[in-house]
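Here is what each chain is made of, one letter per residue.
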Amino acid sequence: MRAMILDEARTTLRLDTTKHVREPGPREVLLRVHACGVCRTDLHIVDGELTDPKLPLVPGHEIVATVEVCGADVETLQPGMRVGVPWLGWTCGVCDYCRSGRENLCDRAKFTGYQIDGGYAEYTTADERFCFPISERFSDQDAAPLMCAGLIGYRALRFAGDAKRLGLYGFGAAAHIAAQLARHRGQEVFAFTKPGDAAGQAFARNLGAGWAGGSHVAPPEKLDAALIFAPVGALVPAALAATGKGGIVVCAGIHMSDIPAFPYAILWEERIIRSVANLTRADGEEFLAVAGKANVRTTTVPFALADANIALDKLRSGDIEGAAVLLP
Ligand SMILES: [Zn+2]
Ligand SMILES: [Zn+2]
């Protein structure tokens, strides 16, 4: 089969036309990949900012695929079913985190496209317990970004509580979905982009943001919560300064540049900073149901599998409106 391979961090992906897909184990399925989203986390892996990938690696953890072959003990899936495969690829089930509903923090978790070969390929193998059925309302290409950008945005949004005024810092794949969920919940959305990114600000307004501006600009009203999707530590004090008393700042990315020192006064008055790590399967089930009810529409830019490096470069330089999706 054809697959894009990372041999070493800080190199470009290599097209391999003779790669063999791993045979499914007893609880695993062999999947034919139809679409795989390109996530900023993939960039962090390729760029060596996430330091624990299996190598060589097939990246990709926003997979939409159909089941071709089921392992001997597969219970819930059958050949021909369409499923989504997210970042969380395996958990131990027995650690304190797994046993307390926090499998996203599992000590021994394995992640798709990081410790398990992912979806930048024509075929892949996944544990059936970590596959989600996908509603027919979404095409393969449109469903792909739901698998991580949508899911992580949903988990971050939950941690923002019932914020009336919600700020979104970095208006890419995750924020463009989170904005629609927030509007569906009746929240006001304030979108922050790179300074001067008029196209990004117009994109945000089209998706329901009542205000959009550069990340260096104070919003017209104090925010109740802010979600930071851009991997820029300087946005943490910026977002704190933009929130009112009791405000919540949620860092939703897996990697961020260092957070600069800031005066205690902008954290004072019970403001909270927290991060969001990974997802649980319960998040996935809830989110996919909510995305259908909220009639979420994703904006995607398609790329051929062999153009994965081009897609990653465009994501790095901020040239993607919405989400990049590979179509193997
Ligand atoms: Zn565990
Ligand atoms: Zn991701």
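Reading guide: rules and limits
- Residues numbered from 1 in each chain as written.
- Chains lettered and ligands numbered in written order.
- Predicted model: local features only at pLDDT ≥ 70, side-chain atom pairs only at ≥ 80, totals over all residues.
- Heavy atoms only, no water.
- Axes fitted to C-alpha atoms, helices over the stretch in contact; angles between N-to-C directions.
- Helix = DSSP H or I, 4+ residues; strand = E, 2+ residues; numbered from the N terminus.
- Parallel < 35°, antiparallel > 145°, perpendicular 65-115°, else oblique.
- Contact = heavy atoms within 4.5 Å.
- Core = buried A, V, L, I, M, F, W, Y, C linked by side-chain atoms within 4.5 Å.
- Buried < 20%, exposed > 50% of the residue type's maximum accessible area, 1.4 Å probe, protein only.
- Donors = N, O, S within 2.8 Å, 3.2 Å for Na, K, Ca; no water.
- Tetrahedral: all angles 85-135°; square planar, octahedral: opposite > 155°, others 65-115°.
- Phe/Tyr/Trp six-rings, centres within 6.5 Å; stacked < 30°, edge-to-face > 60°.
- Lys NZ or Arg CZ within 6 Å of the ring centre and 35° of its normal.
- Arc of directions from axis to C-beta.
- Left-handed = near helix turned anticlockwise from the far one by under 90°.
- Nonpolar A, V, L, I, M, F, W, Y, C, P; charged D, E, K, R; others polar.
- Pairing = 2+ DSSP bridges.

Enquirer: Quick rundown of the packing of helix α3 (residues 149-159) against helix α7 (residues 281-293)? Include the residues and the values.
Expert: At their nearest, the axes of α3 and α7 sit 10 Å apart, and the two run at 95 degrees to each other. Relative to α7, the element α3 lies roughly perpendicular. Counting all contacts with α3, which are made through Gly 150, Leu 151, Tyr 154, Arg 155 and Arg 158, the residues of α7 involved are Asp 283, Gly 284, Glu 286, Phe 287 and Val 290.

Enquirer: Can you lay out the nonpolar core for me, pointing to particular residues and giving the numbers?
Expert: With 97 residues, the main nonpolar core has Tyr 120, Leu 168, Phe 171, Leu 227 and Phe 287 as its most contacted residues. In this structure, Leu 235, Val 236, Ala 242 and Val 249 belong to the second largest nonpolar core, which totals 16 residues.

Enquirer: Please provide a residue-by-residue account of α3, values included.
Expert: Within α3, 10 of the 11 residues are buried, which leaves the element mostly enclosed by the surrounding structure. For α3, every residue scored as buried is listed here: Ala 149, Gly 150, Leu 151, Ile 152, Gly 153, Tyr 154, Arg 155, Ala 156, Leu 157 and Phe 159. Of the residues flanking the end of α3, it is Gly 161, one or two places downstream, whose phi is positive at about 60 degrees.

Enquirer: Could you give an account of the coordination of the zinc ion (ligand 1), with specific residues and numbers?
Expert: Around the zinc ion (ligand 1), the protein supplies Cys 92 (SG), Cys 95 (SG), Cys 98 (SG) and Cys 106 (SG) as donor atoms, at distances of 2.3 to 2.4 Å. Taken together, the 4 donor atoms surrounding the zinc ion (ligand 1) define angles of 102 to 117 degrees at the centre, an arrangement classified as tetrahedral. Of note, the donors binding the zinc ion (ligand 1) are all from one chain and are spaced C-x2-C-x2-C-x7-C. Judged by relative accessible area, which is 15%, Cys 98 ranks as buried.

Enquirer: Outline the coordination of the zinc ion (ligand 2), listing residues and values.
Expert: The coordination sphere of the zinc ion (ligand 2) contains the protein donors Cys 39 (SG), His 61 (NE2) and Cys 148 (SG), at a distance range of 2.0 to 2.2 Å. Taken in sequence order, the residues that donate to the zinc ion (ligand 2) follow the motif C-x21-H-x86-C. Pair noted here: Cys 39 is in the loop between β3 (28-38) and α1 (40-46) and Cys 148 is in the loop between α2 (140-143) and α3, with a separation of 109 residues, a long-range link. Residue Cys 39 shares its accessibility class with Cys 148, and that shared class is buried.

Enquirer: Describe the packing of aromatic side chains, with residues and values.
Expert: Per the counting criterion, the structure on display carries 8 aromatic pairs. Seen in terms of ring centroids, Phe 190 and Trp 211 are 6.3 Å apart; in terms of plane orientation they differ by 40 degrees. Their pairing is tilted. One end of the pair, Phe 190, is in strand β11 (residues 188-193); the other, Trp 211, is in strand β12 (residues 211-214), with 21 residues separating them in the sequence. Per residue, the accessibility class of Phe 190 equals that of Trp 211, and both read buried. By the ring-pair criterion, three or more aromatic residues cluster together here, those being Tyr 169, Phe 190, Phe 192 and Trp 211. In this arrangement the basic side chain of Arg 32 is found over the ring face of Tyr 123, its NZ or CZ atom lying 5.3 Å from the centre. The lysine or arginine in question, Lys 110, covers the ring of Trp 90, its NZ or CZ lying 4.9 Å from the ring centre.

Enquirer: Lay out helix α8 (residues 308-316) in plain terms, naming residues and giving numbers.
Expert: Of the positions making up α8, those classed as buried are Ala 308, Ala 311, Leu 312 and Leu 315. Down the axis, α8 shows its buried residues gathered within 100 degrees of arc, on one side only. Tucked inside the fold, the buried residues of α8 contact β1 (3-5), β3, α1, β16 (300-304) and β17 (323-327).

Enquirer: Would you mind going over unusual backbone geometry in detail, with residue names and values included?
Expert: As a rule of thumb, non-glycine residues mostly have phi less than zero, and peptide bonds are mostly trans rather than cis. A cis amide bond links Leu 55 to the next residue, Pro 56, at an omega of -10 degrees. Within the secondary structure, Pro 56 sits in the loop between α1 and β4 (63-70). Residue Glu 270 is not a glycine yet carries a positive backbone phi of 65 degrees. Mapped onto the elements of the fold, Glu 270 is located in the loop between β14 (243-251) and β15 (272-275). Overall, the relative accessible area of 68% leaves Glu 270 in the exposed class. For Asn 295, which is not a glycine, the phi torsion comes out positive at approximately 55 degrees. Locating Asn 295 in the fold gives a position in the loop between α7 and β16. When its relative accessible area of 36% is taken as the criterion, Asn 295 is described as partly exposed.

Enquirer: Explain the packing of α3 against helix α4 (residues 173-184) residue by residue, including any values.
Expert: Remark: α3 packs on α4, axes separated minimally by 8 Å, with the N-to-C direction vectors making an angle of 55 degrees. As judged from the angle between their axes, α3 and α4 are oblique. Crossing of α3 over α4 shows right-handed handedness. Across from Ala 149, Gly 150, Gly 153, Tyr 154 and Leu 157 in α3, the residues of α4 making contact are Ala 173, Ala 174, Ile 177, Ala 178, Leu 181 and Ala 182. Considered class by class, the residues forming the contact of α3 with α4 number 9 nonpolar, 2 polar and no charged.

Enquirer: Lay out the sheet that holds strand β10 (residues 165-169) with the relevant residues and their values.
Expert: With respect to topology, 6 strands assemble into an open sheet ordered β12-β11-β10-β13-β14-β15, the strand pairing being parallel. Bordering the open sheet on either side are β12 and β15, each of which pairs with just one other strand. Averaged over all neighbouring strand pairs, the angle between strand axes comes to 20 degrees, with direction disregarded. Bridge count between β10 and β11: 5 bridges; the pairing is parallel. Residue pairing in the sheet places Tyr 169 in a bridge with Phe 192 of β11.

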